[in-house]
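# A look at the structure
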Amino acid sequence: MTQMTSADAIKYNLAARIFHWIGALLIVLAWFLAQQGEDYLSLHKSIGVSFLIWTLLRIINRVLTKDPTPLPVSKIHTITASVVHLALYAAMIVMPLTAFLASMYGGYGVNIFGVMNISGFEMTNDELAGRLMDWHTDLVWPILLALVAAHIIGALYHQFVLKDNILSRMR
């Protein structure tokens, strides 16, 4: 059995750190693939479904494990961080879910890495599919980007202005 150091007590557990960084990588990869055009749409969808499952597992990990000791910050910082994190989790679920449902209602389905094919709904609804895809690209994506930016800015503010070494918690 290894002894936990004071540095370990302020870090997120290893699973949380892995979920965080692989989730970030999946977002970047999904965006990159979306920029490559129709030839990469199936792979983009596979990454999106993977991201949805990854996010749900991340939330389960978050519920089941203890967060590190909170940093001593003002109540407004604590509230702001909590709101941004909650909104980020919501956006990380809604983003792939809107695209998945758009594909299903459009009758296209989703092929996941060529291993599993989820057929589209037999009763298609092109209007709803279009609306969901508009939400995916024109509403949820900008919201997700803004929340990721707020998250990064908050982390950098803590690291370089408050100098509380917050970045070490996620390494």
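Residues numbered from 1 in each chain as written. Predicted model: local features only at pLDDT ≥ 70, side-chain atom pairs only at ≥ 80, totals over all residues. Heavy atoms only, no water.

This structure, assessed with the given rule, holds two aromatic pairs. Taken together, a centroid distance of 4.8 Å and an interplanar angle of 80 degrees make the contact between Y105 and F121 edge-to-face. Linking Y105 in helix α4 (residues 75-105) with F121 in the loop between β2 (116-118) and α5 (126-162), this pair joins segments that are 16 residues apart in sequence. Using a relative accessible area of 25% as the deciding quantity, one classes Y105 as partly exposed. (Phe/Tyr/Trp six-rings, centres within 6.5 Å; stacked < 30°, edge-to-face > 60°. Helix = DSSP H or I, 4+ residues; strand = E, 2+ residues; numbered from the N terminus. Buried < 20%, exposed > 50% of the residue type's maximum accessible area, 1.4 Å probe, protein only.)

In this section: the packing of helix α3 (residues 41-64) against α4. Packed helices, taken two at a time, are described by the angle between their axes plus the distance between the axes. Contact pair α3 / α4: the axes reach a minimum separation of 9 Å and the direction vectors enclose 145 degrees. In this structure, the crossing between α3 and α4 has a hand that is left-handed. On the side of α3, the interface is formed by K45, G48, V49, F51, L52, T55, L56, R58, I59 and R62, while α4 contributes Y89, M92, I93, P96, L97, F100 and S103. Split by residue class, the contact of α3 with α4 holds eleven nonpolar, three polar and three charged. (Axes fitted to C-alpha atoms, helices over the stretch in contact; angles between N-to-C directions. Left-handed = near helix turned anticlockwise from the far one by under 90°. Contact = heavy atoms within 4.5 Å. Nonpolar A, V, L, I, M, F, W, Y, C, P; charged D, E, K, R; others polar.)

Below, the discussion takes up the nonpolar core. In terms of nonpolar packing, the biggest core is built from 15 residues, with I47, F51, L88, M92 and L144 touching the most fellow members. Among the secondary structure elements, those contributing two or more residues to this core are α2 (14-35), α3, α4 and α5. Top contributing element to this core by residue count: α4, with six residues. Among all residues touching F51, those that are not within four sequence positions of it are G23, L26, I27, M92 and P96. (Core = buried A, V, L, I, M, F, W, Y, C linked by side-chain atoms within 4.5 Å.)

The next thing to look at is the environment of D164. Tracing the sequence through the fold places D164 in the segment after α5. Here the alpha-carbon distance between D164 and H85, two residues 79 residues apart in the chain, equals 19 Å. Not counting chain neighbours up to four residues away, the residues in contact with D164 comprise L71, V73, H158 and Q159. For D164, the side chain forms a polar contact with the side chain of H158, separated by 2.5 Å. (Polar contact = N/O pair within 3.5 Å; in protein donor to acceptor, adjacent residues only side chain to side chain.)

To continue, consider the UniProt feature "domain: Cytochrome b561 bacterial/Ni-hydrogenase" (unreviewed entry) in the chain. The positions UniProt marks with the feature "domain: Cytochrome b561 bacterial/Ni-hydrogenase" (unreviewed entry) are residues 12-170. Along residues 12-170 the backbone is 72% helical and 4% strand, and the end-to-end C-alpha distance reaches 6 Å. (UniProt positions renumbered as here; feature names shortened; annotations may be inferred.)

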